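# Structure at a glance
Given next are the chains, with one letter for each unit.
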Amino acid sequence: MKVLILNSGGSDSAINPIVRDLRDKLSGDGIETGELILRDMNYSPCRGCFNCWVKTPGRCVFKDDGDVLCREVLHSDYVIIASPVIMGYPSAMAKNALDRIIPLIHPYLEDIDGEVHHMKRYEKYPVMGLLLEKSGDTDDEDITIITDIFQRAALNLQSRLGFVKLTTSSVEEMANEIINN
Amino acid sequence: MKLSIINGSPRGASGNTEKLLEHFINGFSETAGNSTEKFYLIKERPDFEKLKGVFLDAEILMIAFPLYVDAMPGSVKEFFESLEPLKNKRPDLRLMFVIQNGFPETYHNRFVERYCEKLAKRLGCIYEGSICKGGCEGLTVQPPQLVEKVFSGFHNVGKSFGETGKLSPEVLSKLARPEHLTPENMKLVIPMVNNFLWDGLLNKNGAMDKKFDKPFE
Ligand SMILES: Cc1cc2nc3c(=O)[nH]c(=O)nc-3n(C[C@H](O)[C@H](O)[C@H](O)COP(=O)(O)O)c2cc1C
């Protein structure tokens, strides 16, 4: 089992210590972990050209760290998006990363429980988790809206939302969610 | 009424948002005295200085964007973040959204619609509502009568808003149909999109034999 953390926190974010503790805990349990520090990566926002589906299927035409995002996400069993909540939603840095992993799925549509979604390109996709750092203006309604949207996004990416946790939650609890999923 | 519009599509003026906006604007402009101005978000990143100015000056601001992974595109989120210092500076600003998506059902937009309503509140503005519409990808390969329905739908919403200054729930829900697909429609739509839209594009690019490639396996 491999757990990947997409860390979109700043260098002084409360995300960093909890991610460190979580990785220590998981390593102690024999689980492999990896982390991508998004602020140190270079990837532009998706421009919506769909070339990753119809020209170079499976691969974005941009030559930047988008390939790294796709490869690392695909080769994980659990991907945790760790992000501050800014203006009521995870960061643009995290959202731009999420937009850039659509080469992992297939353009073809299929019926999933009575709704249109995309088909798989690969056999297997990781479970998604969300680790959020609240800001001064974040309230419970924001967390509910984020949770509902990410449940949809996970479904759309052939994944499933395993958990939504805050940086104030316990590392043990989070590790258990991952291990027991 | 003066309506300021931000087209938030990463495809800028060449995307679907632009086409829908054109029809909305035509309807809106039928009422004498109404006027519009339009900006392209993608051209203004990453500092969005011009758009912040628009936010500070506008009478009514309409932000339009395509659904990306069930929410606003990352570049649109960048813009929302840039507005944080302007919270509560425009209590009189009337804010509205256009959210359109590729899948045929409008339902996919309903989740980020809640975010948009909350965003208006968070910015301390007046929320006028969100115009949501599914089935907006591949307008060039859809049957003409379907496309005509989408375009005339946007025209009607624009016209009605231009006349009354309000987004009527009836007009919005009419445009939004279908909210979900019936099983029969699902069986029709899925092969149509796969064969005409995706295979059409794959063929055009000579990439048909690579369509199931797994480059990162
Ligand atoms: C990265 C990316 C993610 C997308 N995610 C969704 C989605 O979650 N649901 C959906 O219905 N359409 C999705 N779409 C399709 C767009 O919403 C659709 O193509 C839209 O009409 C594009 O508008 P534009 O041409 O104005 O940019 C996505 C497109 C891209 C490029």
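First things first, this report covers the structure right here in the doc. (Residues numbered from 1 in each chain as written. Chains lettered and ligands numbered in written order. Predicted model: local features only at pLDDT ≥ 70, side-chain atom pairs only at ≥ 80, totals over all residues. Heavy atoms only, no water.)

Residues and elements named next belong to chain A. When you tally the buried positions in strand 5 (residues 105–112), you get six out of eight residues, the bulk of the element. As defined by bridge partners, strand 5 adjoins strand 6 (residues 115–120) across five bridges and the pair is classed as antiparallel. Within the sheet, the bridge partner assigned to Ile-105 lies in strand 6 and is Lys-120. What sits between the antiparallel neighbours strand 5 and strand 6 is a turn of two residues, in which Asp-113 has the positive phi angle 50°. (Buried < 20%, exposed > 50% of the residue type's maximum accessible area, 1.4 Å probe, protein only. Helix = DSSP H or I, 4+ residues; strand = E, 2+ residues; numbered from the N terminus. Pairing = 2+ DSSP bridges.)

This brings us to the environment of B:Arg114. Here B:Arg114 is to be found in helix 5 (residues 110–123). Those residues in contact with B:Arg114 that lie beyond four places of it in its chain are A:Thr144, A:Ile145 and A:Asp148. (Contact = heavy atoms within 4.5 Å.)

Moving on to the interface of chain A and chain B. The parts lose accessible area when they come together, and the size of an interface is often stated as this lost area. In this complex, chain A contributes 56 residues to the contact, which on the side of chain B involves 52 residues. A combined buried area of about 4,800 Å² lies between chain A and chain B, and 62% of that area is made up of carbon and sulfur atoms. Seen at the junction of chain A and chain B, the total is seven salt bridges. A:Asp137 serves as the salt-bridge partner of B:Lys87, at 2.6 Å between the closest nitrogen and oxygen. Between chain A and chain B we count 33 residue pairs in polar contact (both at pLDDT 80 or more) in total. Elements that contribute at least two residues to the side of chain A that touches chain B include exactly helix 2 (51–54), helix 3 (66–74), strand 4 (89–90), helix 4 (92–99), strand 5, strand 6 and helix 5 (140–156) of chain A. Top element by residues in the side of chain A that touches chain B is helix 5 of chain A. It accounts for nine residues. (Buried area = accessible area lost by both parts, 1.4 Å probe. Salt bridge = Lys/Arg side-chain N within 4 Å of Asp/Glu carboxyl O. Polar contact = N/O pair within 3.5 Å; in protein donor to acceptor, adjacent residues only side chain to side chain.)

The ligand sits among 22 residues. The nearest are B:Ser9, B:Arg11, B:Asn16, B:Thr17 and B:Glu137. Proximal residues around the ligand fall on chains A and B, making this an inter-chain site. The side chain of A:Asn156 places a nitrogen or oxygen atom 2.9 Å from an oxygen atom of the ligand. Within the side chain of B:Glu137, a nitrogen or oxygen atom sits 2.4 Å from an oxygen atom of the ligand. Protein contacts shield 96% of the accessible area of the ligand, which totals 650 Å² for the unbound molecule. (Near = heavy atom within 4 Å. Areas by Shrake-Rupley, 256 points an atom, 1.4 Å probe, with all protein chains shown as cover.)

Attention now moves to the side chain of A:Arg121. Along the chain, A:Arg121 turns up in the loop between strand 6 and strand 7 (127–133). Of the side chains with opposite charge, B:Asp213 lies nearest to the buried A:Arg121, which makes no salt bridge, at 6.4 Å. A polar side-chain atom of A:Arg121 sits 2.9 Å from the main-chain carbonyl oxygen of B:Asp213. (Lys, Arg positive; Asp, Glu negative; His and termini not counted.)

Residue and element names in this part refer to chain B. Relative to the elements of secondary structure, Thr-106 occurs in the loop between strand 4 (94–100) and helix 5. At a separation of 2.9 Å, a polar atom in the side chain of Thr-106 contacts the main-chain amide nitrogen of Gly-134. From its side chain, Thr-106 meets the backbone oxygen of Ala-176 in a polar contact 2.7 Å long. Contacts of Thr-106, omitting those with residues within four sequence positions, involve Asn-101, Cys-132, Lys-133, Gly-134, Ala-176, Pro-178 and Glu-179.

In this section: the state of the cysteines. All names here are of chain A. Following the criterion strictly, the structure yields zero disulfides over all chains and no others. No disulfide involves Cys-52; its sulfur sits 6.2 Å from the nearest other cysteine sulfur, which is in Cys-60. The exposure class assigned to Cys-52 is buried, which follows from its relative accessible area of 9%. Its sulfur unpaired, Cys-70 is 7.6 Å from the next cysteine sulfur, which belongs to Cys-60. (Disulfide = S-S within 2.5 Å.)

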